[in-house]
Amino acid sequence: MTKKKQKVGSNTIALNKRARHDYFIEEEIEAGLSLQGWEVKSMRAGKANISDSYVIFNQGEAFLFGANIQPLSVASTHVVCDPTRTRKLLLSKRELDSLFGKANRDGYTILALSLYWKGAWAKVKIGLAKGKKQHDKREDIKEREWKMQKDRIMKNAQRG
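Cut-offs used in this document
- Residues numbered from 1 in each chain as written.
- Predicted model: local features only at pLDDT ≥ 70, side-chain atom pairs only at ≥ 80, totals over all residues.
- Heavy atoms only, no water.
- Core = buried A, V, L, I, M, F, W, Y, C linked by side-chain atoms within 4.5 Å.
- Buried < 20%, exposed > 50% of the residue type's maximum accessible area, 1.4 Å probe, protein only.
- Helix = DSSP H or I, 4+ residues; strand = E, 2+ residues; numbered from the N terminus.
- Contact = heavy atoms within 4.5 Å.
- Phe/Tyr/Trp six-rings, centres within 6.5 Å; stacked < 30°, edge-to-face > 60°.
- Pairing = 2+ DSSP bridges.

Draft legend 1. Just the nonpolar core, in detail. Ranked by size, the top nonpolar core spans 28 residues in total, and within it Met43, Leu89, Leu91, Leu115, Val124 and Ile126 carry the most contacts. Secondary-structure elements contributing two or more residues to this core are strand E1 (12-15), strand E2 (23-33), helix H2 (37-44), strand E5 (61-65), helix H3 (93-105), strand E8 (109-118) and strand E9 (121-131). In this structure Ile126 touches Glu27, Glu28, Ile29, Val55, Leu89, Leu91, Leu99, Ile110, Leu111, Ala112 and Leu113, once residues within four positions along its chain are discounted.

This is the structure we're talking about:
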């Protein structure tokens, strides 16, 4: 038996790197995404951006707002392509109720963290997040710099 080797990260379409810098991510949930054909083709070509996207609720359903999927130049002429269209998230009723309650009662924000392929399906990882204050961001930067410095010291100590 031979196993297929996949490149690490090859199934990732887009990442929201600012989310972990600006927010504390409490919980992560995987959701399906309702897409049109031209959007799938554009995502396969890597033309998606979720850096400013978040989840909104309307009539008991969740929607991804602010995600930008650029249409390909070879897209069909009779289809109207809206790059910033609000896309429906496919979640179970229990997940929807939980997210809706936490967003409204507890003051959480729901952000898109990453967009990726799972088999043939496009999935979005959404995170339940609380905003960071400026001093929290500074602490994270100090911690990251200390970790890099510590690794450098350990590397030099092993050489000598």
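Okay, back to it.
Draft legend 2. Just the environment of Thr109, in detail. Considering the arrangement of structural elements, one finds Thr109 in strand E8. The spacing of Thr109 and His21 is 88 residues in sequence and 14 Å in space, taken between C-alpha atoms. Those residues in contact with Thr109, other than ones at most four positions away along the chain, are Tyr23, Gly127, Leu128 and Ala129.

Draft legend 3. Structural detail: the packing of aromatic side chains. Going through the model one piece at a time under the given rule, you end up with two aromatic pairs. Each ring, one from Tyr54 and one from Phe65, has its centre 5.4 Å from the other, and the planes form 55°; the classification is tilted. Linking Tyr54 in strand E4 (residues 54-58) with Phe65 in strand E5, this pair joins segments that are 11 residues apart in sequence. Residue classification places Tyr54 among the partly exposed residues on the basis of a relative accessible area of 34%. The partly exposed category is assigned to Phe65, whose relative accessible area is 33%. Each ring, one from Phe57 and one from Phe100, has its centre 5.3 Å from the other, and the planes form 85°; the classification is edge-to-face. With Phe57 in strand E4 and Phe100 in helix H3, the pair connects residues that are 43 residues apart, well separated along the chain.

Draft legend 4. Structural view of the pairing of E2. Sheet topology note: the E2/E9 ladder contains nine bridges and is antiparallel. Among the inter-strand pairings, Ile25 is bridged to a residue of E9, identified as Ala129. Summarising the sheet, E2 and strand E7 (residues 87-90) pair through two bridges and their orientation is antiparallel. Pairing of Leu33 across the sheet is with Leu89, part of E7.

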